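Working through the structure, step by step
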Amino acid sequence: MEFKILAINPGSTSTKVALYQDEAELFCETLDHPREEMAPYGKVREQFAMRKAVVLACLSKHGVEAGQLSAVVGRGGMLPAVKSGAYQVNQEMLDALTNHPVMEHASNLGALLAYEIAGLAGIPAYIYDSVRVDELKPIARLSGMPEIPRTSTSHALNTRAMAIKYAYEQGREYTDMNFIVAHLGGGISLNVHEKGQLVDVIPDDEGPFSPEGSGRVHCKSLIKLCYADRYDEQTMQKKLRGNGGLKAYLQTTDAREVEAMILAGNEEARLVYEAMAYQVAKGIGELATVVCGKLDAIIITGGIAYSELLTSWIKKRVEFLAPVIVMSGENEMEALALGTLRVLRGEEQARVYSE
């Protein structure tokens, strides 16, 4: 039996839509939302009708009707902590994402759009590997400051998909293996997978700096800067995420531009770029202790993993721990669709969301 799965991934300025027939991608489109189109909307949930209309228009353009689909999957949004894998969208989830999400984020619309379009055909709607996947062990939750327990936020969707894919390619089960996966994108996060669970993470604000994020910084100096009457809260938030990292040092978030600077002999660009790789490697080393060094592989993924220069620097520092595998790209649409396919085939069971 063949399955057709529609995957929807809302981003801040676009909505990605992809149609899969089993493992085969039939089409994938990025539907851009110009600034003037987004301007009237104060809150993310107010964008729902507009995004639904453009997704349905995209389906119509490709001659796809809801009745031809087997399931619809949306990007998991800012829910309270959830387990990894699939959740069937229900009213409790919709209420959480609409009325009291953990934070405002475009991904909150993923479940809503999936549920609405699936409802047209009476088929199930799912989310898969929300950014709020949290399977931390109790020992990993202590930060040293009781008021601020550690929580799990990482690129779970792509990192789990790549670990599952690598295990399959090796003829083994993901649930029998240990991995560290580093996702290198606009933000950089790392996580450790122990026998099928995401047991610890380094979120994008606790580890390496990235193209636009400052990552982990010296706490005392940060506190002084916050109270120095030089910047307001919004400016400080942007220094941490948006105006940090490569952008702060080199005035660009594009790794390709940085590599062009390096080729042109810019030593500062080389130092900054290599420092980013250095910090990623340190993060991998830090997470290796979680599984006492018992690793089957280290996987480097994300958009910047296409940079052979960057990944070579990381590999050089960590390959003594385990084989280093580069699996470039964001891979989010494939991850959503293939995760849902496993549910439809009975290889995985979807969870029931309950607050």
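Residues numbered from 1 in each chain as written. Predicted model: local features only at pLDDT ≥ 70, side-chain atom pairs only at ≥ 80, totals over all residues. Heavy atoms only, no water.

Under the annotation held in an unreviewed UniProt entry, the protein chain carries the name Probable butyrate kinase and is attributed to Desulfitobacterium chlororespirans DSM 11544. Per UniProt, the comment on the protein chain under Catalytic activity (unreviewed entry) is "butanoate + ATP = butanoyl phosphate + ADP". (UniProt positions renumbered as here; feature names shortened; annotations may be inferred.)

**A word on the nonpolar core**
Ranked by size, the top nonpolar core spans 36 residues in total, and within it L184, L190, Y273, V280, I284, L310 and I314 carry the most contacts. Breaking this core down by element, the ones donating at least two residues are β7 (178-184), β8 (188-194), β9 (197-202), α8 (245-250), α9 (255-263), α10 (267-288), β10 (297-302) and α11 (308-318). Looking at this core, the element that brings in the most residues is α10, giving ten residues. In this view, L184 contacts V280, I300, T301, G302, G303, I304, A305, L310 and I314; residues no more than four positions away in its chain are not counted. Grouped together as the second largest cluster of nonpolar side chains are 33 residues, I8, F48, A111 and A125 included. (Core = buried A, V, L, I, M, F, W, Y, C linked by side-chain atoms within 4.5 Å. Buried < 20%, exposed > 50% of the residue type's maximum accessible area, 1.4 Å probe, protein only. Helix = DSSP H or I, 4+ residues; strand = E, 2+ residues; numbered from the N terminus. Contact = heavy atoms within 4.5 Å.)

**Some words on the domain arrangement of the protein chain**
Taken domain by domain, the protein chain consists of domain 1 (4-130 + 332-352) and domain 2 (156-326). Between the C-alpha centres of domain 1 and domain 2 the distance comes to 27 Å. With eleven residues of domain 1 at the contact, the number on the domain 2 side is eight residues. A combined buried area of about 770 Å² lies between domain 1 and domain 2, and 59% of that area is made up of carbon and sulfur atoms. For domain 1, the biggest contributors to the area lost against domain 2 are S84, D129 and A335; these three give 46% of the whole. (Domains from an automatic or database assignment. Buried area = accessible area lost by both parts, 1.4 Å probe.)

**Thoughts on the side chain of T159**
Tracing the backbone through its elements, the reader meets T159 in helix α5 (residues 156-169). By relative accessible area, T159 is classed as buried at 0%. Discounting residues that sit within four places of it in the chain, T159 has contacts with V181, H183, N191, H193 and T301.

**Regarding α10**
With 22 residues, α10 ought to run about 32 Å at 1.5 Å a step, and its terminal C-alpha atoms sit 31 Å apart, in line with that. Within α10 the residues assigned to the buried category are A269, V272, Y273, M276, A277, V280, A281, G283, I284, L287 and A288. Its side-chain oxygen 3.1 Å from the backbone nitrogen of E268, N266 forms the N-cap of α10. (Expected span 1.5 Å × (residues − 1). Polar contact = N/O pair within 3.5 Å; in protein donor to acceptor, adjacent residues only side chain to side chain.)

**Here we look at the sheet that holds strand β3 (residues 24-32)**
With respect to topology, seven strands assemble into an open sheet ordered β3-β2-β1-β4-β6-β5-β12, the strand pairing being mixed. Edge positions in the sheet fall to β3 and β12 (351-352), since each has one partner strand and no second. As defined by bridge partners, strand β1 (residues 4-10) adjoins strand β2 (residues 14-21) across seven bridges and the pair is classed as antiparallel. Note on β2: the bridge partner recorded for A7 is A18. (Pairing = 2+ DSSP bridges.)

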